[in-house]
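Per-entry structural report
One letter stands for each residue in the lines below.
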Amino acid sequence: MQRATSKAFRLHIGFFGRRNVGKSSLLNAVTRQSVSIVSDVPGTTTDPVEKPMELHPLGPVLFVDTAGIDDIGALGAQRIEKTRQVIARSDIAVLVTEAGVWGAFENTLLAEISGYKIPVIVVLNKADLRKPMDEQLEALTRRKLSHVLLSATNGNGVEALRELLWQAAPKEAAESPVIIRDLVGPGETAVLVVPIDREAPKGRILQVQAQVMRDLLDGMASCMVVQDAGLERVLSNMKTPPSLVVTDSQVFEYVARVTPIDVPLTAFSILMSRLKGDLAAQTRAVLAVDTLRSGDHVLIAETCTHHPIEEDIGRVKIPRWLEQYVGGKINFTHVKGRDFPEDLSQYKLVIHCGACMWNRQEMMSRIRFCEGQGVPITNYGLVIALVQGILERALGPFPAALAAYREARGTDAVVPEIESLKTTSAMVH
Ligand SMILES: Nc1nc2c(ncn2[C@@H]2O[C@H](COP(=O)(O)OP(=O)(O)OP(=O)(O)O)[C@@H](O)[C@H]2O)c(=O)[nH]1
Ligand code: SF4
Ligand SMILES: [Mg+2]
């Protein structure tokens, strides 16, 4: 069977399944918005409901919620045909069902999806009501079907679904993830603050800085690169304020002071957390800093084995700032590259570099490893922003992470536009 060409460059992700399994609820949970009408009356969704959004780090996607098509007689051929058309233009299919629910309908749907040779992810929804029997899970594993236990009602499993979507995405999408170009539109300007101090590498700039510049160029945006000392002058000379200032987190506090409050600001390492890791989870984890007491153990991990700049941040600056913040002595352990303790039980917190040299899967597996041991893992830039009192500002460009932080901290969570402050036409190229 020939696949219909996707109508645009967005990755199309379709939600399919019987009526009432929670497809529309899942769309709302993934987008954190009320996009599709939910009700306990089977057959609520009659026509496909589309929601374009930024799904980091994949970039622009189009989620499509479809009508449940189990009861052919009651629904009519037209509705079934519409759902079929969505299958035909999907890049990834999400087959939604519930614990204990799998029959001829799911097998037929799966066969139809397989005909288009697109990856499929099975969601066992309503996990808050009941867990699947072992046999159902074993059958999915035997058939090599990616699956996730999820509750659209309480949100458990939604992050795992995002991860599976990332893994299932066609290679081209995964190879050119969005770093910054969703935040700075075509024709707009970003200011990048790159301090050149004793530790700066001679005659070159860091890979992460080069990657950010390249991503801006890909998005037809421009950038000004400036040292911290020149920032104030550059900003005051600009006729139009920049769409974003991105700084090396070592000079975060100073840059926050001289950048007008209405200009969005973040750090290279926070962009990296979004790209390589899980910004919302790493942001929630940074709250562990507030629970640190004198004598606690903290693990500081760096991906590069030789890197004087990060070494200075990891070995000198972060320890100094953290001890000042906590008001006591912390026991720091430093690890590099793939060295990582098997047993994390003595650590209250893991602080990781931006991992710009690693691929996302490697960083995510480290995050999952720490989470599996119940130890929060955060990121250099997030810790520095917190101890310098500018975390909320640094998260301004990432409303979903900011909401996750506020929710974890127990303050009013403002429900944001998902992941991205704005979607610009930069994505259309
Ligand atoms: N407890 C629980 N209820 C859920 C969950 N997800 C959906 N529901 C409920 O299941 C019912 C159906 O949800 P919908 O999202 O409308 O289901 P749908 O698959 O879109 O249904 P159709 O549009 O009719 O095909 C609603 O009453 C939801 O509140 C869940 O994870 N847990
Ligand atoms: S991988 Fe980590 S240590 Fe290496 S340059 Fe990137 S942020 Fe720095
Ligand atoms: Mg529905």
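Basis of the calculations
- Residues numbered from 1 in each chain as written.
- Chains lettered and ligands numbered in written order.
- Predicted model: local features only at pLDDT ≥ 70, side-chain atom pairs only at ≥ 80, totals over all residues.
- Heavy atoms only, no water.
- Pairing = 2+ DSSP bridges.
- Helix = DSSP H or I, 4+ residues; strand = E, 2+ residues; numbered from the N terminus.
- Donors = N, O, S within 2.8 Å, 3.2 Å for Na, K, Ca; no water.
- Buried < 20%, exposed > 50% of the residue type's maximum accessible area, 1.4 Å probe, protein only.
- Core = buried A, V, L, I, M, F, W, Y, C linked by side-chain atoms within 4.5 Å.
- Contact = heavy atoms within 4.5 Å.
- Near = heavy atom within 4 Å.
- Polar contact = N/O pair within 3.5 Å; in protein donor to acceptor, adjacent residues only side chain to side chain.
- Areas by Shrake-Rupley, 256 points an atom, 1.4 Å probe, with all protein chains shown as cover.
- Nonpolar A, V, L, I, M, F, W, Y, C, P; charged D, E, K, R; others polar.
- Axes fitted to C-alpha atoms, helices over the stretch in contact; angles between N-to-C directions.

What follows concerns the pairing of strand β2 (residues 49-55). Both β2 and strand β3 (residues 59-65) contribute to a ladder of seven bridges, which runs antiparallel. When the bridges of β3 are listed, Glu54 appears paired with Pro60. Hairpin connection from β2 to β3: three residues lie between these consecutive antiparallel strands.

At this site the magnesium ion (ligand 3) is bound by Ser24 (OG) and Thr45 (OG1), with donor distances of 2.0 to 2.1 Å. Taken together, the positions of Ser24 in helix α1 (residues 23-31) and Thr45 in the loop between α1 and β2 put the pair 21 residues apart, joining distant regions of the chain. Residue classification places Thr45 among the buried positions, given a relative accessible area of 11%.

By size, the foremost hydrophobic cluster in this structure holds 69 residues, and its most contacted members are Ile180, Phe252, Ile318, Leu322 and Ile351. Element by element, the count of residues in this core is highest for helix α14 (residues 380-387), at seven residues. Apart from residues lying up to four places away in sequence, Ile351 is in contact with Val298, Leu299, Ile300, Ala301, Ile318, Leu322, Thr378, Asn379, Tyr380 and Val383. Grouped together as the second largest cluster of nonpolar side chains are 28 residues, Ala29, Val30, Leu55 and Leu161 included.

Close to ligand 1 lie 24 residues; Lys23, Ser25, Gly43, Asp128 and Thr153 are nearest. Between ligand 1 and Thr45 there is a distance of 2.8 Å, counted from an oxygen atom to a side-chain nitrogen or oxygen. Contacts to ligand 1 include Thr153, whose side-chain N or O atom sits 2.8 Å from a nitrogen atom. When isolated, ligand 1 has an accessible area of 650 Å², and the protein chains bury 88% of it. Residues belonging to the shell around ligand 1 are distributed by class as follows: six nonpolar, twelve polar and six charged.

The subject of this paragraph is the sheet that holds strand β4 (residues 92-98). Pairing in this open sheet of six strands is mixed, and the strands run β2-β3-β1-β4-β5-β6 from one edge to the other. Looking at which strands have only one partner, the edges of the open sheet turn out to be β2 and β6 (146-149). The average undirected angle you get between the axes of adjacent strands in this sheet is 25 degrees.

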